[in-house]
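Each chain, written out:
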Amino acid sequence: MPETPEHEPSGTAPGDDSGPFINLPWPTAGDDDHLYLAVNVSDEPVLFPHDSLLRLEPGDIVIGAAFRPDLLSRGENLALFRIPLCLLDASAADLYEVSHTHLSGRSGLTSLVSQFLTALARTPLHQRLTGGRRLALNTADLVALLVGDVLQTRGRRSAPGAHEMLTRIQQHIQDNLMDPDLAPESIARAHHISVRYLHKLFQSGGTTVSAWIRQRRLDACRAELRARRRTVAAVAHSWGFASPSHFSRLFRQTYGITPKEWQATAASDA
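As the structure is a prediction and not an experimental result, all values here were calculated from the model. (Residues numbered from 1 in each chain as written. Predicted model: local features only at pLDDT ≥ 70, side-chain atom pairs only at ≥ 80, totals over all residues. Heavy atoms only, no water.)

Time to look at the overall build of the protein chain. Within the protein chain, the secondary structure is distributed over 10 helices and 6 strands. Going through the 270 residues of the protein chain one by one, you find that 46% of them count as buried. The long-range share in the protein chain, meaning contacts at least 24 apart out of those at least 6 apart in sequence, stands at 69%. Carbon together with sulfur atoms contributes 50% to the accessible area of the protein chain, which is approximately 13,800 Å² in total. (Helix = DSSP H or I, 4+ residues; strand = E, 2+ residues; numbered from the N terminus. Buried < 20%, exposed > 50% of the residue type's maximum accessible area, 1.4 Å probe, protein only. Contact = heavy atoms within 4.5 Å. Areas by Shrake-Rupley, 256 points an atom, 1.4 Å probe, with all protein chains shown as cover.)

The biggest cluster of nonpolar side chains holds 32 residues, and the ones touching the most others in it are Leu37, Phe81 and Ile83. Breaking this core down by element, the ones donating at least two residues are β1 (34–40), β4 (61–64), β5 (78–84), α2 (108–121) and α3 (125–153). Looking at this core, the element that brings in the most residues is α3, giving 10 residues. With sequence-adjacent residues up to four places away left out, Phe81 is seen in contact with Phe21, Ile22, Leu35, Tyr36, Leu37, Val39, Leu117, Leu120 and Ala121. (Core = buried A, V, L, I, M, F, W, Y, C linked by side-chain atoms within 4.5 Å.)

So, about the packing of aromatic side chains. One pass over the full model with this rule turns up 5 aromatic pairs. Centre to centre, the rings of Phe21 and Tyr36 are 5.6 Å apart; their planes meet at 50 degrees, and the pair counts as tilted. Of the two residues, Phe21 sits in the segment before β1 while Tyr36 sits in strand β1, which places them 15 residues apart along the sequence. Here the two residues Phe21 and Tyr36 agree in accessibility, since each one is buried. Members of the aromatic cluster, connected to one another through ring pairs, are Phe241, Phe247, Phe251 and Tyr255. Here Arg216 stacks its cationic end above the ring of Trp212, 4.5 Å away from the centre of that ring. Lying across the ring of Tyr255, Arg222 places its NZ or CZ 4.9 Å from the centre. (Phe/Tyr/Trp six-rings, centres within 6.5 Å; stacked < 30°, edge-to-face > 60°. Lys NZ or Arg CZ within 6 Å of the ring centre and 35° of its normal.)

This brings us to the side chain of Arg217. You can see Arg217 is positioned in helix α7 (residues 209–227). Within the buried set, Arg217 has no salt-bridge partner at all; the shortest N-O distance to an opposite charge, 6.3 Å, is to Asp179. Here the side chain of Arg217 touches Trp239 through a polar contact of 3.0 Å, landing on its backbone oxygen. Once residues lying within four places of it in the same chain are set aside, the contact partners of Arg217 are Leu177, Asp179, Pro180, Leu182, Trp239, Gly240 and Phe241. (Lys, Arg positive; Asp, Glu negative; His and termini not counted. Salt bridge = Lys/Arg side-chain N within 4 Å of Asp/Glu carboxyl O. Polar contact = N/O pair within 3.5 Å; in protein donor to acceptor, adjacent residues only side chain to side chain.)

Tallied over the entire structure, the rule returns 4 salt bridges. One salt bridge in this structure joins Asp219 and Arg216, with 3.5 Å as the shortest N-O distance. Here Asp219 and its partner Arg216 are both found in helix α7, 3 residues apart, which amounts to about one turn of the helix. The exposure class assigned to Asp219 is partly exposed, which follows from its relative accessible area of 31%. Judged by its relative accessible area of 19%, Arg216 is buried. The salt bridge partner of Glu224 is Arg230, with a shortest N-O separation of 2.6 Å. Classification of Glu224 as partly exposed rests on a relative accessible area of 25%. On the accessibility criterion, Arg230 (35% relative accessible area) is partly exposed.

Over its 14 residues, α2 extends 20 Å from the first C-alpha to the last, a length consistent with the 20 Å expected when each residue adds 1.5 Å. Along α2, the residues classified as buried are Thr110, Ser111, Val113, Ser114, Leu117, Thr118 and Leu120. As for α2, its buried residues are in contact with β1, β4, β5, β6 (100–103) and α3. (Expected span 1.5 Å × (residues − 1).)

With that settled, consider the packing of α7 against helix α9 (residues 244–255). The N-to-C vectors of α7 and α9 enclose an angle of 90 degrees; their axes lie 11 Å apart at closest approach. When the axis of α7 is compared with that of α9, the two are roughly perpendicular. For the pair formed by α7 and α9, the contact residues are Arg214, Gln215, Leu218, Asp219, Cys221, Arg222 and Leu225 on the first element and Phe247, Leu250, Phe251, Thr254 and Tyr255 on the second. Class assignment of the residues belonging to the contact of α7 with α9 gives a composition of 7 nonpolar, 2 polar and 3 charged. (Axes fitted to C-alpha atoms, helices over the stretch in contact; angles between N-to-C directions. Parallel < 35°, antiparallel > 145°, perpendicular 65-115°, else oblique. Nonpolar A, V, L, I, M, F, W, Y, C, P; charged D, E, K, R; others polar.)

Attention shifts here to the environment of Glu97. As for its placement among the helices and strands, Glu97 is situated in helix α1 (residues 92–97). Between the C-alpha atoms of Glu97 and Val150, which are 53 residues apart in sequence, the distance is 9.4 Å.

Our next topic: the environment of Asp60. Its place among the elements puts Asp60 in the loop between β3 (52–56) and β4. Accessibility expressed as a relative area gives 2% for Asp60, which makes it buried. Considering only alpha carbons, one finds Asp60 and His102, 42 residues apart in sequence, at a separation of 7.3 Å. With residues up to four places along the chain from it excluded, the contact list for Asp60 reads Ala38, Val39, Asn40, Arg55, His102, Leu103, Ser104 and Gly105. In terms of polar contacts, Asp60 uses its side chain to reach the side chain of His102, at 3.0 Å.

So, in structure tokens, the structure goes:
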């Protein structure tokens, strides 16, 4: 996803609705990458310069990786939104695929999303803020649904980008196995994706994030215990297992032998 140009306005503060974007209390840092949307909320066609001059009929939506600085002004006809990328149910590669899309708001899912965003744009700021993060997350979920529909129409849901993303995440996990704070939330944040999308990536491979991490840690412990340089408890703790007894149970369930028995077997083989 291309980064927002440095000269582009940074948006609005949580209590300010004077900037170009319809403000929502997004549960994320302000410097995250975003997906941009422009919605014609009027009853008349609007000309919108986005790469080329577009004629937006009432309810039409334009999706962009970023809007040009001269477009970042909101009037009665256009409502501008930006959704943090990490909240959307797609990879950065997938989002880039839909980032130059003009969608008709006359029917289908686009019409539903358009009606919701139009109503949201016309809702006073204090009422939007009263809805809090739940309203923001519901908005992101609805936009994610629209993005997913566009990707499915284009046959991009199983695109190579998803496989490449999973490979990068697995390497990230391998590189950070000894980090006790390694968890789906931190992994998703490091790759600018939603936790839900992270789980989807691993489900496509027939496993879960936690199970994949646990198995890699068990494999690492098994390899280190073979050398018999440290105690079982020390090895388990260094690879992120807080409870030695829990580690021993998992080890036995996985390999059919306790860690101490494995150490003894490895020593006798040597």
